[in-house]
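Residue-level structure breakdown
The primary structure of each chain is shown beneath.
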Amino acid sequence: MEIDLSPQLAKKVYEGSGGSYYAWSPSELPMLREGNIGAAKFALHKNGFSLPRYSDSSKVAYVLQGSGVAGIVLPESEEKVVAIKKGDALALPFGVVSWWYNKEETELVVLFLGDTSKAHKTGEFTDFFLAGSNGIFTGFSTEFVGRAWDLEESDVKTLVGKQSGKGIVELEGNISLPEPKQEHRNGMALNCEEAPLDVDIKGGGRVVVLNTKNLPLVGEIGLGADLVRLDGRAMCSPGFSCDSALQVTYIVRGSGRVQVVGVDGRRVLETTIKAGNLFIVPRFFVVSKIADPDGMEWFSIITTPNPIFTHLAGSSSVWKALSPTVLQAAFNVDSGVEQLFRSKRTADAIFFPHQIRINIPLHPPKSPSRLI
């Protein structure tokens, strides 16, 4: 059965006084269900507060816009209060309780991509709220909550029932949340826009890879991630994940074109992609992208903590490793064509800057006097 790989935008799931929550649905993006992947994001207005919650899925969070504060409690650990800003990536393993707050005028927008293989619904995140009108304790009787918290029934009703908001609320000005601590960022967050570059090609693009070395918690969630910035009209080499991983890509900025080729050399996707689009490349399928004039930036998760890619063009491509005669036999060409092919892309790897090609005729045209 063919699966629609078309990129999709997120749809609003709910809205509160402090912001909105959006998600991608497996019914519109079938590869979410096929690949056991969840994708969502929220936007917090000024004083927007995302109520404490835990999820049925491990995730990578990426700050798309703005700045704010995240509170994170790992199992059997103290609360870590982390200052976050655009470009920050955080790994959120199973069992993590988190809250998020924006005190600035600019909206705080955070993307979540993760593994739903153990989730209640394949291809979707389910959050369990600790407070609010849909909080866990609204389902327990006052007797049970009173016994658990050692409180009188009237106090239980106040604590459980006072917060009428759901999911995302707006805080009043008289509430001061904990201030972030610099030491709490260590091992919890990595800014992809400021981290050392793993790949830097002039006129081509740049890559920062999240793995167990620079963000150890990704080992616990079983996911890797990267931020790729492709310069205007540059090309990202055709390639595939050679360790059976899925690649889930969110377009952060700009636009461009993408092609995906699958089994039997069939092109299964050819389309334009733009900011806000999410698409998923199936296992072992080959993908390539070309940026529009203003460039393109994307954030991806890969379903393995230390991904390995095989490229099919450029100085590091598998073609450069194969013997000349193998290449001749494979393409059924003579040595002259093979040598021409091998002489190209000897310095470019992964990203290919835009080049203006000028066609020069092999034989100059005859002068008018010779045409008479």
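Above this note sits the structure.
Criteria and cut-off values
- Residues numbered from 1 in each chain as written.
- Predicted model: local features only at pLDDT ≥ 70, side-chain atom pairs only at ≥ 80, totals over all residues.
- Heavy atoms only, no water.
- Axes fitted to C-alpha atoms, helices over the stretch in contact; angles between N-to-C directions.
- Helix = DSSP H or I, 4+ residues; strand = E, 2+ residues; numbered from the N terminus.
- Parallel < 35°, antiparallel > 145°, perpendicular 65-115°, else oblique.
- Left-handed = near helix turned anticlockwise from the far one by under 90°.
- Contact = heavy atoms within 4.5 Å.
- Nonpolar A, V, L, I, M, F, W, Y, C, P; charged D, E, K, R; others polar.
- Core = buried A, V, L, I, M, F, W, Y, C linked by side-chain atoms within 4.5 Å.
- Buried < 20%, exposed > 50% of the residue type's maximum accessible area, 1.4 Å probe, protein only.
- Pairing = 2+ DSSP bridges.

1. Topic: the packing of helix α6 (residues 324–331) against helix α7 (residues 335–343)
As a packed pair, α6 and α7 sit with axes 9 Å apart at the nearest point and diverge in direction by 110°. For the element pair α6 / α7, the angle class is roughly perpendicular. You can see that α6 and α7 cross each other, and the crossing is right-handed. On the side of α6, the interface is formed by P324, L327, Q328 and F331, while α7 contributes S335, E338, F341 and R342. For the contact of α6 with α7, a count of residues per class yields four nonpolar, two polar and two charged.

2. A word on the packing of helix α2 (residues 142–149) against helix α3 (residues 153–161)
The geometry of α2 relative to α3 is characterised by a closest axis approach of 9 Å and an angle of 100° between their N-to-C directions. Considering the angle they form, α2 stands roughly perpendicular to α3. Across the interface between the two elements, T142, V145, G146 and W149 of α2 pack against E153, V156, K157, L159 and V160 of α3.

3. Considering the nonpolar core
Counting 91 residues, the largest nonpolar core has W24, W100, L278, F299 and F351 as its most contacted members. Apart from residues no more than four positions distant in its own chain, W100 is found in contact with F42, L44, G48, F49, S50, A61, V69, A70, I84, L92, V110 and F112.

4. Regarding the sheet that holds strand β2 (residues 19–23)
Spatial strand order, β1-β2-β3-β10-β5-β8-β13: seven strands in an open sheet with antiparallel pairing. The two strands at the open ends of the sheet, each matched to only one other strand, are β1 (11–16) and β13 (189–191). Adjacent strand axes in the sheet meet at a mean angle of 20°, parallel and antiparallel pairs treated alike. Pairing of strand β5 (residues 58–65) with strand β10 (residues 108–115) involves seven bridges; the strand directions are antiparallel. Bridge pairing in β10 places Y62 opposite L111.

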